[in-house]
Amino acid sequence: MIQDNIIYGFRPITEAIHNDKTIDKVLIQKGLKGNQFRDIFILIRENKIPFQYVPVEKLNKFTRGNHQGIIAFMSAIEYQDIHDIIPTIYDEGRVPFLLILDKITDVRNVGAIARSAECAGVDAIILPLKGGAQLNEDAVKSSAGALHKIPICRHSNIIEIIEYLQNSGIEVVAVTEKADWDYFKKDMTQPICLVMGNEYEGIAYDYLRKCNDRIKIPMVGTIASLNVSVATGIVLFEAVKQRMRVL
């Protein structure tokens, strides 16, 4: 059964997966067993769909229908593969300009970032498969439709994606307070991917360790940090300014 942006029940979810519908996340009732569950769980794992075990009470909050212990959240956007995008950028003679968002959980922040990124000419936004905000209609609304215009890529192993970008001649640069360089001193006219951390913990250490460089936004006030969407906008448009000078 379909209700708003959710699908529930074994058959509807199975059909959605077989028909290549984009699913953000699946909630599974704790202790769920049986052949139907085994078959759909194999499909979920094979298609790398994020899932979570939850109490039945949580499922009941989303629908009064017979959910059979499983609910899927449909994505409001279609995801793409960064491996398909990078060769196209180079083939078109453009300089790659990418953005990785590390588990940013607020849909409004993701929407605002996507809006700034689209305006700045970012080629794609890369998200982790798990841990980030659900890109629902609220996110699309916050982005002023940008999430439908800019390629959004979701991958299970961001470390491997960072390595792929580096092997493709793209410098991966973390925007973090744990940096020595101010952002405006960084040359952003070359192929670059900026990495932004989540609202509470910043960029994961494993990502920081893999990045080619780190830059920061200098602070002169008493508050130690900016909202992540504001910080992203500041750095993106520094890149725009630099790139416009060399055109």
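Residues numbered from 1 in each chain as written. Predicted model: local features only at pLDDT ≥ 70, side-chain atom pairs only at ≥ 80, totals over all residues. Heavy atoms only, no water.

Caption draft 1: Region of the structure containing the pairing of strand 5 (residues 70-74). In terms of residue burial, strand 5 counts as a mostly covered element, since 5 of its 5 residues are buried. Judged by which residues are buried, strand 5 turns out to be covered on both faces: Ile70, Ala72 and Met74 on one side and Ile71 and Phe73 on the other are all buried. In this structure, strand 2 (residues 6-8) lies alongside strand 5, joined through 3 bridges in antiparallel fashion. Across the sheet, the residue bridging to Ile6 is Phe73, located in strand 5. With 5 bridges joining them, strand 3 (residues 23-29) and strand 5 adopt antiparallel strand pairing. When the bridges of strand 5 are listed, Leu27 appears paired with Ile71. (Buried < 20%, exposed > 50% of the residue type's maximum accessible area, 1.4 Å probe, protein only. Helix = DSSP H or I, 4+ residues; strand = E, 2+ residues; numbered from the N terminus. Pairing = 2+ DSSP bridges.)

Caption draft 2: View of the pattern of salt bridges. Inspection of every chain in the model, using the stated rule, returns 11 salt bridges. Among the ionic pairs, Lys186 bridges to Glu171, the shortest N-O distance being 2.7 Å. Here Glu171 lies in strand 9 (residues 171-175) and Lys186 lies in the loop between strand 10 (181-182) and strand 11 (192-196), a separation of 15 residues in the sequence. Classification of Lys186 as buried rests on a relative accessible area of 12%. In this structure, the salt-bridge partner of Glu238 is Lys241, at a minimum N-O distance of 3.2 Å. A residue pair is termed a helical-turn pair when its members lie 3 or 4 positions apart in one helix, as Glu238 and Lys241 do in helix 9 (residues 228-245) at 3 residues. You can call Glu238 buried: its relative accessible area is 7%. In the salt-bridge network here, residues are joined through shared partners; they are Glu92, Arg94 and Asp123. (Salt bridge = Lys/Arg side-chain N within 4 Å of Asp/Glu carboxyl O.)

Caption draft 3: Examining the packing of aromatic side chains more closely. All chains considered together, the criterion is met by 5 aromatic pairs. Here the aromatic rings of Phe51 and Tyr53 are separated by 5.9 Å at their centres, their planes lie at 85 degrees, and the arrangement is edge-to-face. Aromatic pair Tyr183 and Phe184: ring centres 5.3 Å apart, planes at 75 degrees, arrangement edge-to-face. Between Lys25 and the ring centre of Phe73, over which it is positioned, the NZ or CZ distance is 5.9 Å. Sitting over the face of the ring of Phe97, Arg243 holds its NZ or CZ atom 4.7 Å from the ring centroid. (Phe/Tyr/Trp six-rings, centres within 6.5 Å; stacked < 30°, edge-to-face > 60°. Lys NZ or Arg CZ within 6 Å of the ring centre and 35° of its normal.)

Caption draft 4: Structural view of the pairing of strand 7 (residues 124-128). When you tally the buried positions in strand 7, you get 5 out of 5 residues, the bulk of the element. As defined by bridge partners, strand 6 (residues 97-101) adjoins strand 7 across 3 bridges and the pair is classed as parallel. In the sheet register, Leu98 faces strand 7, and the bridge partner there is Ala124. For the handedness criterion, the β-α-β arrangement of strand 6, helix 5 (residues 107-120) and strand 7 is classed as right-handed. As judged from the 4 bridges shared by strand 7 and strand 8 (residues 152-155), these two strands associate in the parallel manner. Looking across to strand 8, one finds that Leu127 is bridged to Arg154. Running through helix 6 (residues 137-142), the crossover from strand 7 to the neighbouring parallel element strand 8 is right-handed. (Right-handed = clockwise from strand over helix to strand, strands pointing away.)

Caption draft 5: Spotlight on the packing of helix 1 (residues 10-18) against helix 2 (residues 35-46). Running from N to C, helix 1 and helix 2 cross one another at 25 degrees; their axes reach a closest spacing of 10 Å. Taken as axis vectors, helix 1 and helix 2 run roughly parallel relative to one another. Remark: the crossing between helix 1 and helix 2 carries left-handed chirality. Across the interface between the two elements, Phe10, Ile13, Thr14, Ile17 and His18 of helix 1 pack against Gln36, Phe37, Ile40, Leu43 and Ile44 of helix 2. Its residues assigned to classes, the contact of helix 1 with helix 2 comprises 7 nonpolar, 3 polar and no charged. (Axes fitted to C-alpha atoms, helices over the stretch in contact; angles between N-to-C directions. Parallel < 35°, antiparallel > 145°, perpendicular 65-115°, else oblique. Left-handed = near helix turned anticlockwise from the far one by under 90°. Contact = heavy atoms within 4.5 Å. Nonpolar A, V, L, I, M, F, W, Y, C, P; charged D, E, K, R; others polar.)

Caption draft 6: Structural context of helix 1. Taken together, the buried positions of helix 1 are occupied by Phe10, Ile13, Ala16 and Ile17. The buried residues of helix 1 all sit within an arc of 135 degrees when viewed along its axis, so they share a single face. Across helix 1 from its buried face, at more than 90 degrees, point the exposed residues Arg11 and His18. Looking at the buried side of helix 1, the elements it contacts are strand 2, strand 3, helix 2 and strand 5. Downstream of helix 1 by one or two residues, Asp20 has phi in the positive range, about 60 degrees. (Arc of directions from axis to C-beta.)

Caption draft 7: The arrangement of the nonpolar core in detail. Counting residues in each nonpolar core, the largest one holds 39 residues, and the members touching the most others are Leu99, Ile125, Leu135, Ile152 and Leu194. Contributions of two or more residues to this core are made by strand 6, helix 5, strand 7, helix 6, strand 9, strand 11 and helix 9. In this structure, Leu135 is in contact with Asp24, Ser75, Ala76, Ile77, Tyr79, Val110, Leu127, Leu147 and Ile152, ignoring residues within four places of it in sequence. In terms of nonpolar packing, the next biggest core, distinct from the first, is built from 22 residues, Ile85, Ile126, Ile170 and Val172 among them. (Core = buried A, V, L, I, M, F, W, Y, C linked by side-chain atoms within 4.5 Å.)

Structural measurements only, silent on function.
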